[in-house]
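One letter stands for each residue in the lines below.
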Amino acid sequence: MQYRYLGKDKLKVSALGLGCMGFTQSYPPYLPENEASFVLQQAVDLGINFFDITLIYIINIVLTRKLQLKK
């Protein structure tokens, strides 16, 4: 995975990101939580650490759970 460094603090983010709106917001039918979790795990395994999310996406819950499992 290629990474970029953002801002004065040089935050390291993956060159590829995962947009999460389609999981729960605008594109029915929505993925079941287990499938969304699988997609997120695959992204993390590939080195993606840039996720396009907002507080209104239910995927925040899934993402939080998945990232807590990685610790």
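Up top is the structure these notes are about.
A short tour of the structure in this document, coming up. This is a predicted model, so every value here is computed, not measured. (Residues numbered from 1 in each chain as written. Predicted model: local features only at pLDDT ≥ 70, side-chain atom pairs only at ≥ 80, totals over all residues. Heavy atoms only, no water.)

Here's the deal with the packing of aromatic side chains
Here's step 1: One pass over the structure, following the stated rule, counts zero aromatic pairs.
Here's step 2: We note lysine 12 situated over the ring of tyrosine 3; from NZ or CZ to the ring centre the distance is 4.6 Å. (Phe/Tyr/Trp six-rings, centres within 6.5 Å; stacked < 30°, edge-to-face > 60°. Lys NZ or Arg CZ within 6 Å of the ring centre and 35° of its normal.)

So, the environment of lysine 66
Here's step 1: Mapped onto the secondary structure, lysine 66 falls in helix α3 (residues 59–70).
Here's step 2: Judged by relative accessible area, lysine 66 falls into the buried class, the value being 12%.
Here's step 3: Each C-alpha atom of the pair lysine 66 and leucine 40 lies 7.4 Å from the other, and the pair is 26 residues apart in sequence.
Here's step 4: Apart from residues no more than four positions distant in its own chain, lysine 66 is found in contact with Ser37, Leu40 and Gln41. (Helix = DSSP H or I, 4+ residues; strand = E, 2+ residues; numbered from the N terminus. Buried < 20%, exposed > 50% of the residue type's maximum accessible area, 1.4 Å probe, protein only. Contact = heavy atoms within 4.5 Å.)

These values are about where atoms sit, not about what they do.
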